[in-house]
Every structure is written in C-alpha cells, then in structure tokens.
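Descriptive analysis of the structure
Residue-level listing of the chains:
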Amino acid sequence: MSATQTQPNIKSRDQRFTNLQRTLVLIKPDAVQRGLVGQIVGRFEARGINLVGLKLVQLDAQKAAKLYEPHVGRPFYEGLVSYMTSGPIVALCLEGVDTITVVRKMMGATKPSEAEPGTIRGDFAQRVDFNIVHGSDAPESAARELPIFFSNEELVSHDPSYTFFL
Ligand code: IDP
Ligand code: MG
C-alpha cells in the first residue's frame, strides 16, 4: 500500500477469489428443533462464507431418497430418511473459496464422538444418527445435491461488503 492509500486495493471479485465453490448445507431437523439455526448460520457468516440461498423445507420421503441415493442399502438408510423427514430443515447454499472443503472441516467428522471440539458436530452433537448438519462432500456431490433444493432463480449472487476484507 502506498503512503497516500488508506484502503487496500479493491480488486474485482474474480481477482480476489480463486476456486470459488458453492455447496449445499442442511441444518437437520434436530438442530432446528433445538434452536441452533442461528448459531450454525452465524459460524458460516463469521468465516466470511457468502450466503447465496436459504430456505426452510419440510422434506418428503421422495426428496430425502434423492438426496441420500448414494446410501441406499446401508443399514442406517431407513432411519436416516425418517430422521430427515421428521421435521423442518434449513437448506443453505454457501459460496466461497474452497467452500466445500472448508464447510466439511467446520462440520467435523460424521460421528460426533470423532468430531473435534470447535467443529459444529464436535460442539453440538453426540450421536451419529442425530448429527445436526449435512454438507456436500465433493464438487460432484454439490452439483447433484444443490438442484434438489434450489432452482437457479433462488440462488442470489451478490458481493457483501465484508468481502472487501477477504
Ligand atoms: P456425512 O453426513 O458426514 O457426509 P455420510 O457417511 O455421507 O456422512 O452419511 C450421511 C448421513 O447418514 C450422516 O450424516 C448421518 O446422518 C447418517 N449416518 C451415517 N452413518 C451412520 C450410522 O452408522 N448410523 C446412523 N446414521 C448414520
Ligand atoms: Mg455425505
């Protein structure tokens, strides 16, 4: 920064961000029932991840089956579908740098007993069958999962003022 500059250079969005990704996060029925929505969304906001889609959804069995299609036949599959349809969930589309990986790290391990403190599951969950959040695990998963919850018109690209500092 030169002596006369009071702010860092404002670069275009594309120059500032490489490997921008979008991912699907679901705040599962137990977290909604426990009143954890604000805290969970707040963690992503505090990290500087951009919220581009947000809705409350009552999943039906068909949609849950579509989401968890890769898990058909697993011993926990039926229980998983009834858990995910047991009450409203909050669906988020999050966007940021390497966001798929970052969000998975913020969520913590699938089994809360293996999730580090400081992660969402490590701080708020005890049981693998009530593990409070979902996040896409790879770009291909995000591409498959996001359209189950959001149409293109429901995803709002914008550039929040805080991204100036990222
Ligand atoms: P992930 O959510 O961390 O990606 P996955 O292996 O994709 O974990 O499993 C999907 C979901 O299925 C988990 O988040 C959890 O809700 C449920 N699940 C996974 N393993 C078990 C299990 O052993 N018992 C009960 N539920 C499970
Ligand atoms: Mg998974």
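Along every chain, residues carry numbers that run from 1 in the direction the sequence is written. In the order they appear in the text, chains get letters beginning with A and ligands get numbers beginning with 1. Under the rules for a predicted model, residues below a pLDDT of 70 receive no local features and side-chain atom pairs below 80 are neither given nor counted, while totals for whole chains, interfaces and linings still include all residues. Hydrogen atoms and water are omitted, and side-chain values are computed over all heavy atoms in the structure.

1. What to know about helix 6 (residues 99–107)
Every α-helix winds through 3.6 residues per turn, so residues three or four apart in the chain are directed the same way. Each residue is placed in one exposure class: buried if its accessible area under a 1.4 Å probe, protein chains only, is under 20% of its type's maximum, exposed if it is over 50%, and partly exposed if it falls in between. A helix here means a DSSP run of H or I that spans at least four residues, while a strand means a run of E at least two residues long, and both kinds are numbered starting from the N terminus. Along helix 6, the residues that are buried comprise Thr99, Ile100, Val102, Val103, Met106 and Met107. With its buried residues spanning 165 degrees around the axis, helix 6 presents them on a single face. In this structure, the buried side of helix 6 is in contact with strand 1 (20–27), helix 3 (37–47), strand 3 (89–97), helix 7 (120–124), strand 4 (133–135) and helix 8 (139–149). Positioned one or two residues after helix 6, glycine 108 has a phi angle of 85 degrees, which is positive. This arc is built from the directions going out from the helix axis to the C-beta atoms. Note on definitions: a residue-residue contact is assigned when non-hydrogen atoms from the two residues lie within 4.5 Å.

2. Some thoughts on the packing of helix 3 against helix 6
Between helix 3 and helix 6, whose axes approach to 12 Å, the crossing angle comes to 135 degrees. As the angle between them shows, helix 3 and helix 6 are arranged oblique. As helix 3 packs across helix 6, the resulting crossing turns out to be right-handed. Touching Arg43, Phe44 and Arg47 of helix 3 are Val102, Val103 and Met106, all from helix 6. Per-class residue counts for the contact of helix 3 with helix 6 are four nonpolar, no polar and two charged. Helix axes are fitted only over the stretch in contact, all axes being lines through C-alpha atoms; the angle between N-to-C directions runs from 0 to 180 degrees. Note that the term roughly parallel is reserved for angles under 35 degrees, roughly antiparallel for angles over 145, roughly perpendicular for angles of 65 to 115, and oblique for everything else. If you view the pair so one helix is near and one far, a crossing is left-handed when the near helix is turned anticlockwise from the far one by less than a right angle, and right-handed when it is turned clockwise. Side-chain classes follow a simple rule in which Ala, Val, Leu, Ile, Met, Phe, Trp, Tyr, Cys and Pro form the nonpolar group, Asp, Glu, Lys and Arg form the charged group, and the remainder, Gly included, forms the polar group.

3. Section: the site of ligand 1
Each residue is tested against the molecule or strand, and it is near if at least one of its non-hydrogen atoms lies within 4 Å. Around ligand 1 lies a shell formed by Lys28, Tyr68, His71, Phe76, Leu80, Arg104, Thr110, Arg121, Val128, Asp129 and Asn131. Contact between ligand 1 and histidine 71: an oxygen atom at 3.0 Å from a side-chain N or O atom of the residue. One nitrogen or oxygen atom from the side chain of arginine 121 is found 3.1 Å from an oxygen atom belonging to ligand 1. A 1.4 Å probe and the Shrake-Rupley method give the accessible areas. Residues count as covered only by the protein chains that appear here. Protein contact buries 79% of the 530 Å² of open area that ligand 1 shows by itself. Class assignment of the residues belonging to the shell around ligand 1 gives a composition of four nonpolar, three polar and four charged. We call two N or O atoms a polar contact when they sit within 3.5 Å, provided that within protein one can donate a hydrogen and the other can accept it, with sequence-adjacent residues counted only if both atoms are side-chain atoms.

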